[in-house]
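Chain and residue survey
One-letter residues, chain by chain:
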Amino acid sequence: MTAASKQPSGAASYFRRQSASVGPARRKRLIALLALMPALVIFCAFWLLPFSRLIVMGAEADRSSGISAYLTILTHRQYLISLVTTVGISLVVSITAVAIAGVAGFFLARHRFFGKAALVAILTFPLAFPGVVVGFLVIMLGGRQGALAQTSLWLFGERWMFAYSLAGLFIGYLYFSIPRVITTVMAACDNLDKSLEEAARSLGANTWQVTKDVIVPGIAPALLSTGAICFATSMGAFGTAFTLGTRLSILPLNIYGEFTNYANFAMAAALSVVLGVITWMALSLARRLAGGNLGASV
């Protein structure tokens, strides 16, 4: 065999080089796929398949109206009221929590004082409570035997209560939303560039102008993200509402009632899908406005 015959042909050499160059890339993709496989399996098994089933089930006929459950939600007053109430109270809770806890979080991030660590621990302690405990605390404050009722009975001879109404639900939702805002804002303030504030003051800006033009825009993504998280949490919160009373007209309680009390699976599925879609839209909008930093500073 001649030396020329021992040399690989041009085509064989080309394919050998291509396989050598593609091999590592394929191995990396294979490793990435294997690493993502458990998460993909869990995602499909516990979210994609059940939610797809909910979407199909929601299109079935509602037991009370005989038409599609989605159409029933849009045409029956009780479901519309429940939808508007749930979205409204979640939105008000989110705005209030961001307004109150945003100021507190900024103050705690920028000031050092004795007992600060203990104060932060106390303000964030509600994160450890489940919804049932939060509802019970609201009852202890504004229920029939609560502190407010006992005080008003002693002073005015009548019991003042708010626990079993939307006001009590608002207090409960606000109670577990404030810690989320405080922790997020504190983390965002620690990442702010203080030289920008110093430059603004050197140019003659007062405290209000520095806050409005430098600080608020700097932590705006954090405010948007934590507001969206508070909204999503309030939309789906069940334990607090169930503890305060099943007569409240909000989506989580309606889903529970349709599923458990009336076996109206189509309506329960449709309400679940509507709740999930609204929450997803709110989170997506906040992510877009925050530049994709939703939850990054939590």
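In this text, all values refer to a predicted model and were calculated from it rather than measured experimentally. (Residues numbered from 1 in each chain as written. Predicted model: local features only at pLDDT ≥ 70, side-chain atom pairs only at ≥ 80, totals over all residues. Heavy atoms only, no water.)

**Digging into the overall build of the chain**
In terms of regular secondary structure, the chain is built from 13 helices and zero strands. In the chain, the succession of helices and strands from N to C terminus is α-α-α-α-α-α-α-α-α-α-α-α-α. For the chain, with 298 residues in total, the buried portion stands at 34%. Counted over contacts in the chain with a minimum sequence separation of 6, partners at least 24 positions apart contribute 66%. With the model as given, the accessible surface of the chain reaches about 17,800 Å², and the carbon-plus-sulfur share is 69%. (Helix = DSSP H or I, 4+ residues; strand = E, 2+ residues; numbered from the N terminus. Buried < 20%, exposed > 50% of the residue type's maximum accessible area, 1.4 Å probe, protein only. Contact = heavy atoms within 4.5 Å. Areas by Shrake-Rupley, 256 points an atom, 1.4 Å probe, with all protein chains shown as cover.)

**So, the pattern of salt bridges**
Throughout the structure, instances matching the rule amount to three salt bridges. Of the charged contacts in the structure, one is a salt bridge between D213 and K212, with a shortest N-O distance of 2.9 Å. Classification of D213 as partly exposed rests on a relative accessible area of 47%. Taking the relative accessible area as the measure of exposure, K212 reaches 40% and is therefore partly exposed. When salt bridges that share partners are traced, they join R110, E197 and R201 into one network. (Salt bridge = Lys/Arg side-chain N within 4 Å of Asp/Glu carboxyl O.)

**Considering the UniProt feature "transmembrane region" (unreviewed entry) in the chain**
The feature "transmembrane region" (unreviewed entry), as annotated in UniProt, sits at residues 30-49, 79-107, 119-141, 161-178, 222-242 and 262-283 in this numbering. As annotated, residues 222-242 comprises 90% helix and 0% strand, and the C-alpha atoms at either end are separated by 30 Å. The span residues 262-283 carries 86% helix and 0% strand; its end-to-end C-alpha distance comes to 32 Å. (UniProt positions renumbered as here; feature names shortened; annotations may be inferred.)

**Digging into the side chain of S90**
Following the sequence through the fold, S90 ends up in helix α4 (residues 77-110). Within polar-contact distance, the side chain of S90 engages the backbone oxygen of T86 at 2.7 Å. Ignoring any residue separated from it by four or fewer positions in sequence, one finds S90 in contact with F231, S234 and M235. (Polar contact = N/O pair within 3.5 Å; in protein donor to acceptor, adjacent residues only side chain to side chain.)

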